[in-house]
Structure formats: C-alpha cells, structure tokens
Amino acid sequence: MGILSNLFGKKTIHNYFYGTYSSAPRFDGDLYEQEIVRAIIDCIATHSAKSEAMHVIMDKDGRISEIKRNSPYVKLLNQTPNPIMSGFDMKYKLVSQLETATTAMCYVEWDVREKTKPKMMLPIQFSDSNFYEIPGQGYAVQFHDFSGKEVLVPAEDVVIIRKFYCKNDAFGDGNTPVYNALSVQKAADEGLLDAVSISNKVRGVYTTKKSMLDPKDAELNQKEFSRRFNEAAKDGGIIGIDSTEGFQQLNVSAWAVNAAQTKEIRENVLRFWRMNDHILTSDYTEEQWQAFYESIIEPILMQLGQAFTNICFSQNERDHGNRIIFSSNAMVNMSMNSKTQLVVNTRELGIFTPNEYREMFGYSPIAGGDVPRISQNYINEKGDDHNAV
C-alpha cells in the first residue's frame, strides 16, 4: 500500500469500466457525405441526365424549324464528351455539382485546326477551380485536367450554371442555410451509434472497501473484477463477490433524437431541395412526378440549354437561330391509362410520330417510324397527303 493509504485509512474507490466518450461535431460542410443529401442529389442528377441534347435551328417566331442530328455538339453531349465519360456521366456530374456546390462548370475545348468545331467537353471540379479577372482581357478560369496539369482558359470557353445566384457575381451562394439541419442530423446519427455502443460496453460501477488509494492497486483490482465479470458472462452469468466488494449495474445511454424530431429534421432537408419521399423512393403518382419534373428537372434543362448555347455558338450563329436544347420525355412516367388516352386523342392529328408513341410505352423504334401520320380529314386542299391515313 502507498503512504497515502496509511494516512487516510479505509476509503471506497469507484472504478467505471468499459466507458466511452461521445461528442457530436457540427456539420463540416461536406454535403455529399450525408446519406439523405446524396440520395436527393442522385435522384435529381439521374433524372436530369436522362435528357437528350439537341442542336436545333429556331425560326423568327421562336419555333424549331430544323434539327441538326449530326451536329458535333450533340455527339459530344450525348455520346462521348471526353475520353473517360459518357454523355450521361457528364450530365450527371454537372447536375450533381450544381446541387452540391450550387455551381457547375464545363470547359469546351476547340479543335486547333477548325476553331468553330468542338473537340472535347470537360467538367471542372468546382472545389479545384479559381476565377480570375484579367485587366483588359475579360475573365479566366484555372483548374486541373485529367493528368493533374494546371490549366488556365478563357471564361468564354467555360459553361457555368448556378443555383441560389444572388450575392456572388461568378458563382452560386452555396448551401449554408441547410447546414444547421444537417448538423442536428449528424448529431442524431452519432448519438444513435453512441447509444448502441455504450449500452453494449458500460456495465456498471465496481466499488471496494479495502484500504487502498494507490492507483496501481485500484487498477489491478478493477481489471481482476472485469476478468471475473467476463468469465461469469460466459459461464452461467453469475459472479461472486466478497464483503469488501460491491457492484452496481448502470443503464447508460447516450442522448438520441426521438422519432418525431428525426422526421422533422429530414423534412427540413427535403424541403430545402424541394423534394419528397415519394420521388426519392420512386413511389410517386403521375401528378407527383409532373410536379417534380416541372419544378426541378425542367428548370435545370433550361439552364443547361442556355449555358451551352452561349458558349458553343457565336452571336452571329445565335442570331441565325442556332440553339442547344435538352429534352426529356416527361410522358414516359405517365400512367398506362393516360398514355393510351393520349394516343387515342392524338393519333390522327400528326402531333407524334409512331416511334414517339412507341417510346412512351418503352418499345424500340421501327424503320420509317419517324414520319407523322395524319388523317385525311385534316389534310387541306393544297396539303401533301402522302402521309395521310
């Protein structure tokens, strides 16, 4: 025994064993590592990436007069924009970055020999980019390419789309307002993990009335009791103690958010992205899908179309009606009954081609199916009736 034991006599020593310490740090700003956020972003990006880019010519009335199906822009946007991505991949990545960082950028590299022909389209990692003003020469964007090489390109060759665009001139304003809700969500998740961990680890308080204040003696005594406790757990579950020992079982649990609070936190995050569980779990009605498409997907496709149009075409080309548009078949998600009614009501008007009807039902196109069929009842005297039915 130590000298302090002799001076103070018998004391009761308390040893907490199998303990753990928990803390819930605030949300660190990495949105994409949050389960609910990643699910939301994946949903929005996936539905947006299903769209098809089209190079069209608009007439003076703002209507499509020609579709350029062999346009190099369309081939890059829909097929192989760069050596490591498909068209779907690039659109998915751009929309994901838009939702995560509220800014997405894509560099359009031009053919050295044909200055008006695009060679490659490369999404820029927003967190690895810088925006500079070059006095008298406009703006430039700095980033790293696939090989890690630092690249500085004119901003006029960079497609930029933004969200929450208010205070910052070049970029979106970020997702900071949702951080508080995500901090609580993170604390709730870690609290639940700690509750499970502690309930499986902290057993109780061991006490001894022996005259010993030496820390080494206390530690040895606690370890010996811990060994006996574990052995008893394996063999009958009963442990024997003498008159100098005592054990008080503890029911220890970490604080955890209740079900109602958890639901409210989740609803806050969903509202921030204007999302709901029906869309997130693909359990939506026709009306719910239409609302989601019109409020979330369609505005993103409009942004992409305008941004790529401004970078891909000169002012003169735009004056002559050249546009990039992104089209998504919203009717694919209509109910079978609604699709059938649509076909019945429009089949004689020539609004849709046979292949467009087939696409609505998930069938592959057929040869000659891109020509609309019009009932002879709707052919005027001067009309060409070779497509009449």
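Residues numbered from 1 in each chain as written. Predicted model: local features only at pLDDT ≥ 70, side-chain atom pairs only at ≥ 80, totals over all residues. Heavy atoms only, no water.

### Some words on the packing of helix α2 (residues 35-49) against helix α4 (residues 87-101)
- Taken N-terminus to C-terminus, the directions of α2 and α4 make an angle of 140°; their axes are 8 Å apart at the nearest point. By the angle between their axes, α2 is oblique relative to α4. When the axes of α2 and α4 are compared, the crossing they make is right-handed. Taken together, the residues of α4 that come into contact with α2 (itself represented by I41, D42, I44, A45, T46, S48 and A49) are F88, K91, Y92, V95, S96, E99 and T100. (Axes fitted to C-alpha atoms, helices over the stretch in contact; angles between N-to-C directions. Helix = DSSP H or I, 4+ residues; strand = E, 2+ residues; numbered from the N terminus. Parallel < 35°, antiparallel > 145°, perpendicular 65-115°, else oblique. Left-handed = near helix turned anticlockwise from the far one by under 90°. Contact = heavy atoms within 4.5 Å.)

### Some thoughts on a negative patch on the surface
- A cluster of acidic side chains, namely E52, E356, E359 and D370, defines a negative patch on the protein surface.
- In this structure E356 comes out as partly exposed when scored by relative accessible area, which is 34%. (Patch = residues over 30% accessible without salt bridge, like charges linked within 9 Å, V, L, I, M, F, W, Y side chains within 5 Å. Areas by Shrake-Rupley, 256 points an atom, 1.4 Å probe, with all protein chains shown as cover. Salt bridge = Lys/Arg side-chain N within 4 Å of Asp/Glu carboxyl O. Lys, Arg positive; Asp, Glu negative; His and termini not counted. Charge placed at Lys NZ, Arg CZ, Asp CG, Glu CD. Buried < 20%, exposed > 50% of the residue type's maximum accessible area, 1.4 Å probe, protein only.)

### Some words on the sheet that holds strand β12 (residues 322-327)
- Strand order in the open sheet formed by three strands is β3-β2-β12, and the pairing between neighbours is antiparallel. Bordering the open sheet on either side are β3 (64-67) and β12, each of which pairs with just one other strand. In this sheet, adjacent strand axes meet at a mean angle of 45° when their direction is disregarded.
- As judged from the six bridges shared by strand β2 (residues 52-58) and β12, these two strands associate in the antiparallel manner. Bridge pairing in β12 places E52 opposite S327. (Pairing = 2+ DSSP bridges.)

### Things to note about the sheet that holds strand β6 (residues 130-134)
- Spatial ordering of the open sheet is given by β6-β7-β8, a layout of three strands whose pairing is antiparallel. Edge positions in the sheet fall to β6 and β8 (150-154), since each has one partner strand and no second. Pairs of neighbouring strands in the sheet enclose a mean axial angle of 30°, with direction left out of account.

### Considering the nonpolar core
- Counting 50 residues, the largest nonpolar core has I44, M121, M275 and F308 as the members making the most contacts within it.
- With twelve residues, the single largest contributor to this core is helix α9 (residues 286-312).
- Beyond its immediate chain neighbours, meaning those up to four positions away, F308 contacts L77, M90, L94, C106, M121, V159, I324 and F326. (Core = buried A, V, L, I, M, F, W, Y, C linked by side-chain atoms within 4.5 Å.)

### As for the side chain of D111
- With respect to the helices, strands and loops of the structure, D111 is situated in the loop between β4 (103-110) and β5 (118-124).
- Accessibility expressed as a relative area gives 14% for D111, which makes it buried.
- Separated by 2.8 Å, the side chain of D111 and the backbone nitrogen of R113 make a polar contact.
- Apart from the residues lying within four places of it in its own chain, the contact partners of D111 are K117, P118 and K119. (Polar contact = N/O pair within 3.5 Å; in protein donor to acceptor, adjacent residues only side chain to side chain.)

### Description of the confidence of the model for the chain
- Across the chain, pLDDT averages 79, with 72% of residues at or above 70.
- Looking across the chain, the model is least confident in strand β1 (residues 13-16), with a mean pLDDT of 34, and most confident in α4, with 96.
- Scored below 50 in pLDDT, residues 1-27 shows 69 contacts in the model against residues more than four places distant or in partner chains. (pLDDT = per-residue confidence, 0-100.)

### Structural notes on the pairing of β2
- Note: β2 against β3, three bridges, orientation antiparallel. By the bridge assignment for β3, I57 is matched with E66.
- Turn length for the β2-β3 hairpin, with the two strands adjacent in sequence and antiparallel, is five residues, and the turn residue G62 shows positive phi of about 80°.

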